[in-house]
Structures are given as structure tokens and as C-alpha cells.
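What the coordinates show
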Amino acid sequence: MKSVLLRRLSTRLAFKQTVTFALLVVMLAWSAYALLERRIYGQLDEELQDRAISVRSMLQIRAGNVKWLNAEADPEVRAQFERSMRYYELLDDEGRTLDASHAMVALHLPGPVALPSSVQPDHTTWQSLTAGNTRIRILDVPVLGLAGRHYLLRIGTSLDQADEDCWRLRMFLFALIPFIILAHAANALIMTSYSLRPLER
């Protein structure tokens, strides 16, 4: 009878320790995931900013006419430029599309509104859109043209790879957390049983 009571006490102590440990592990795992998720999408935003700079450097606007200078670049730069322009659109200050890539047109995005006169050339905005099964991250970069006229350069990239990386990270944590908790539960049960063993005498 005494040994049965001690086993029950050992189980209860191990259970309490495991619950506390599990809550701590879940909180730490959630914090780590949030940090890594922010890093993944942050790197994508930085890459998108670099793409916008690359595209802007090859863009020349005169009297509403768009001219690209990428034809004069070497093949490697042209290939990289084409990837940067997969999702691309250029709007005038009235919200009319001057030029756009086929992929951007295929998204069938809602019509843009006219640009406010107070917009600053260094003021960028971000938006995430869903087109079918694809999520697109879009960076809007105001561009100052000749005679002080404003244009809006929109550069986008697919979020599929970033979403997949985050999904893999979640699956890894979901598989790892139960293993850690079960290992701790077994260890807690062994330790409590060992510490209560003198009471059996």
C-alpha cells in the first residue's frame, strides 16, 4: 500500500514539473518562431528594396515615356534585371499605368488611386496581396521625374518561398516540442521516484 501511494505521489510530482516545463518550452518555441519568421520576411523585404533600386537605376522617364537602359548592360546584369522585373508596374501621378510586366498585369490588381501631391520621394509603402494561390509582397516607391512630376514604381516578389520556409519551421517545432516534453516527463518521473525511494524503507 505504501509503495502504491509513493508511486502516485511520484507521478503527481513529475506531472506538475512536466506541465510547468511544457509551458516554458511552448513560450520559448513561440518566441523563437516569431523572431525567425520576422527575420525570414525581413530578408525578403531587404531583397525587394535592392530590386527596386536596381530597376530604378535602369529606368528613364521623359514626358511620360518609359525607356529602359538594361539592353546596354552585360548578360549577367540583364538576367538579374529580368528576375527583378517579374512583378513590376510604373504609374503616373494620376494613377495611370505607364508600363507593367506581364506577371503584374496577370494579377488583376485593383485600380490604383491618384498619387497625393504630398508624397515624398523617399516614402515607401508595403503591401501583401493574394492572387489565386500565390501571395505577393509589393513595395511602392515614389519616383521623382522631370519637372518635379511624381511617379510610382511598384516592385513585387512572390512570398511562396518565405511561406514555405516558415511552414517547415513550424513543422519542425511541432515535431520537436512533444519529444522534448516527453523526454522531460520520463526524466522527471525517474528523478521523483529515486528521490522518494528512501521513504519506502
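Here's what I pulled together on the structure shown here. Because the structure is a prediction, the values reported are computed rather than measured.

Concerning the overall build of the chain
If you tally the helices and strands in the chain, you get four helices and seven strands. When contacts within the chain are restricted to residue pairs at least 6 apart in sequence, those whose partners lie at least 24 apart make up 56%. Summed over all atoms, the accessible surface of the chain reaches about 13,300 Å², with 60% contributed by carbon and sulfur.

Concerning the environment of Gly-95
Mapped onto the secondary structure, Gly-95 falls in the loop between β3 (87–91) and β4 (97–100). Since its relative accessible area comes to 11%, Gly-95 is described here as buried. Sequence spacing of Gly-95 and Leu-152 is 57 residues, and the spatial spacing of their C-alpha atoms is 8.2 Å.

Section: the pairing of β4
As judged from the three bridges shared by β3 and β4, these two strands associate in the antiparallel manner. For Glu-89, the partnering residue across the bridge sits in β4 and is Ala-100. Between the antiparallel neighbours β3 and β4 lie five residues, among them Gly-95 with a positive phi of about 85°.

Considering the nonpolar core
Counting 14 residues, the largest nonpolar core has Val-55, Tyr-88, Leu-90, Leu-153 and Ile-155 as its most contacted members. Membership of the second largest hydrophobic core comes to six residues, among which are Met-104, Ala-131, Ile-136 and Ile-138.

Quick word on the side chain of Thr-157
By the secondary structure assignment, Thr-157 is in strand β7 (residues 150–158). A residue is classified by how much of its surface remains accessible, and Thr-157, at 11% relative accessible area, is buried. At a separation of 3.3 Å, a polar atom in the side chain of Thr-157 contacts the side chain of Arg-51. Other than its neighbours up to four places away in sequence, Thr-157 contacts Leu-44, Leu-48, Arg-51, Tyr-87, Arg-135, Ile-136 and Arg-137.

Quick look at the pattern of salt bridges
Scanning the entire structure with this criterion turns up six salt bridges. Where Arg-137 meets Asp-45, a salt bridge forms, and the shortest distance between an N and an O atom there is 3.0 Å. Highlighted residues: Arg-137 in strand β6 (residues 134–144) and Asp-45 in helix α1 (residues 2–57), separated in sequence by 92 residues. Taking the relative accessible area as the measure of exposure, Arg-137 reaches 17% and is therefore buried. For Asp-45, a relative accessible area of 17% corresponds to the buried category. Ionic pairing is found between Arg-154 and Glu-89, a salt bridge with its closest N-O pair at 3.3 Å. Taken together, the residues span a long stretch of sequence, with Arg-154 in strand β7 and Glu-89 in strand β3 at a distance of 65 residues. Taking the relative accessible area as the measure of exposure, Arg-154 reaches 7% and is therefore buried.

Calculation notes
- Residues numbered from 1 in each chain as written.
- Predicted model: local features only at pLDDT ≥ 70, side-chain atom pairs only at ≥ 80, totals over all residues.
- Heavy atoms only, no water.
- Helix = DSSP H or I, 4+ residues; strand = E, 2+ residues; numbered from the N terminus.
- Contact = heavy atoms within 4.5 Å.
- Areas by Shrake-Rupley, 256 points an atom, 1.4 Å probe, with all protein chains shown as cover.
- Buried < 20%, exposed > 50% of the residue type's maximum accessible area, 1.4 Å probe, protein only.
- Pairing = 2+ DSSP bridges.
- Core = buried A, V, L, I, M, F, W, Y, C linked by side-chain atoms within 4.5 Å.
- Polar contact = N/O pair within 3.5 Å; in protein donor to acceptor, adjacent residues only side chain to side chain.
- Salt bridge = Lys/Arg side-chain N within 4 Å of Asp/Glu carboxyl O.

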